[in-house]
Amino acid sequence: MRRFPSWIPVSALFLAVLTTGCGYNRIVNEEQQVEAAWGQVESQLQRRADLVPNLVETVKGYAKHEKGVFDDIAAARSAMVGAGSRADKINASNQLDGAISRLLVVSEAYPQLKADQNFLKLQTELAEIEDELQMARRYYNGTVRDFNIAIQTFPDVLIAHAAGMHEEHFFETDAASKAAPVVSLSGA
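Predicted model, so just to flag it, every value in this text is computed and none were measured.

Rules used in this analysis
- Residues numbered from 1 in each chain as written.
- Predicted model: local features only at pLDDT ≥ 70, side-chain atom pairs only at ≥ 80, totals over all residues.
- Heavy atoms only, no water.
- Helix = DSSP H or I, 4+ residues; strand = E, 2+ residues; numbered from the N terminus.
- 1 Å grid on protein atoms, 1.4 Å probe; cavity = no way out; pocket = protein on both sides within 12 Å on 5 of 7 lines; lining within 4 Å.
- Points joined across faces, edges and corners; volume = space filled by probe spheres on them.
- Nonpolar A, V, L, I, M, F, W, Y, C, P; charged D, E, K, R; others polar.
- Salt bridge = Lys/Arg side-chain N within 4 Å of Asp/Glu carboxyl O.
- Buried < 20%, exposed > 50% of the residue type's maximum accessible area, 1.4 Å probe, protein only.
- Polar contact = N/O pair within 3.5 Å; in protein donor to acceptor, adjacent residues only side chain to side chain.
- Contact = heavy atoms within 4.5 Å.
- Axes fitted to C-alpha atoms, helices over the stretch in contact; angles between N-to-C directions.
- Parallel < 35°, antiparallel > 145°, perpendicular 65-115°, else oblique.
- Core = buried A, V, L, I, M, F, W, Y, C linked by side-chain atoms within 4.5 Å.
- Phe/Tyr/Trp six-rings, centres within 6.5 Å; stacked < 30°, edge-to-face > 60°.
- Lys NZ or Arg CZ within 6 Å of the ring centre and 35° of its normal.

S.K.: Explain unusual backbone geometry residue by residue, including any values.
M.R.: Backbone torsion omega between Phe 154 and Pro 155 reads 5°, so that peptide bond is classified as cis. Looking at the secondary structure, you find Pro 155 in the loop between α5 (117-152) and α6 (156-163).

Structure, rendered in structure tokens:
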């Protein structure tokens, strides 16, 4: 019977340990990319939340009787600023999306407002922030996808499970924020 050299089992064990360490490092790298991407999303959410009061004040000057819309925006912005977890921030962001949409629909009923330079500047800023937020959301969802794939494939699933890592959730908008806003302008 032929005997294997003694270095073969040792080198196989060394290779297994080495690849396990590399797998763990790759998963940790993926996890850090998710965290960095979430930081970009949070930054854009904060920029939008900071812009909203200026937009509301501008519209208030023209549309004093649209109190319900202003109250909705104030409540949604407060929820956004006070949200703790990612899921809470995503939900609050969806509420703020809907409230901003309703505010912009209200502004359509006021030709003087649509011509106001301050309002136009704020509306342009909001559009830029929304574009950047959309890019940040897309990037975040891409890193979440890569991380989730990494921790679900063999052999990395064993490493991730041992390290207590779990799937991250995508930033998805809810059905209500995708629907066109309905605003009653009966008082206009």
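S.K.: For the layout of surface pockets, give the residues involved together with the corresponding values.
M.R.: Space inside the largest pocket adds up to approximately 180 Å³. Sorting the residues of the lining of the largest pocket by element identifies α3 (86-107) and α5 as the ones contributing at least two each. Ranked by residue count, the leading element in the lining of the largest pocket is α5, at five residues. The residue makeup of the lining of the largest pocket, split by class, is four nonpolar, four polar and four charged.

S.K.: Summarise the pattern of salt bridges; cite the residues concerned and give the values.
M.R.: Here the structure, examined in full by the defined rule, presents 14 salt bridges. One salt bridge in this structure joins Arg 26 and Asp 156, with 1.8 Å as the shortest N-O distance. With a gap of 130 residues between them, Arg 26 in helix α1 (residues 7-60) and Asp 156 in helix α6 connect regions that are remote in the sequence. For Asp 156, a relative accessible area of 5% gives the class buried. Across the salt bridge formed by Glu 130 and Arg 48, the nearest N and O atoms sit 3.1 Å from each other. One end of the pair, Glu 130, is in helix α5; the other, Arg 48, is in helix α1, and 82 residues separate them in sequence. Taking the relative accessible area as the measure of exposure, Arg 48 reaches 0% and is therefore buried. Through salt bridges that share partners, Arg 48, Asp 97, Glu 130 and Arg 137 make up one connected network.

S.K.: Give a detailed account of the side chain of Asp 97, specifying residues and quantitative values.
M.R.: Here Asp 97 lies in helix α3. On the accessibility criterion, Asp 97 (13% relative accessible area) is buried. Of the polar contacts made by the side chain of Asp 97, one reaches the side chain of Arg 48; its length is 2.3 Å.

S.K.: Outline the side chain of Ser 107, supporting the account with residue identities and numerical values.
M.R.: For Ser 107, the position within the fold is in helix α3. Among the residues examined, Ser 107 registers a relative accessible area of 1% and is labelled buried. There is a polar contact of 2.6 Å between the side chain of Ser 107 and the backbone oxygen of Leu 104. Excluding its chain neighbours within four sequence positions, the residues that come into contact with Ser 107 are Leu 113, Lys 114 and Phe 119.

S.K.: Please set out the packing of α5 against α6 residue by residue, giving values where relevant.
M.R.: Across the interface, α5 lies against α6 with an axial gap of 6 Å and an inter-helix angle of 100°. Taken together, the axes of α5 and α6 are roughly perpendicular relative to one another. Only Asp 156, Val 157 and Ala 160 of α6 make contact with α5, whose side of the interface consists of Ala 150, Ile 151 and Gln 152. Its residues assigned to classes, the contact of α5 with α6 shows four nonpolar, one polar and one charged.

S.K.: Can you lay out the nonpolar core for me, pointing to particular residues and giving the numbers?
M.R.: Within the largest apolar cluster, 41 residues are counted, with the highest numbers of intra-cluster contacts made by Ile 27, Val 41, Val 59, Ile 73, Leu 103, Tyr 140 and Phe 171. If you list the elements that add at least two residues to this core, you get α1, α2 (67-82), α3, α5 and α6. With near-sequence residues (within four places) excluded, Val 41 lies in contact with Leu 133, Ala 136, Arg 137, Tyr 140 and Phe 171.

S.K.: So what's going on with the packing of aromatic side chains? Residues and values would help.
M.R.: Applying the stated criterion to the full structure yields two aromatic pairs. Where Trp 38 meets Phe 171, the ring centres are 6.1 Å apart and the plane angle is 40°; that geometry is what we call tilted. Placement of the pair is Trp 38 in helix α1 and Phe 171 in the loop between α6 and α7 (175-178), with a sequence separation of 133 residues. An aromatic cluster is built from Trp 38, Tyr 140 and Phe 171, whose rings are joined through pairwise contacts. The ring of Phe 70 carries Lys 60 above its face, with NZ or CZ at 5.8 Å from the centroid.

In short, the description is geometric, and any link to function would need to be established separately.
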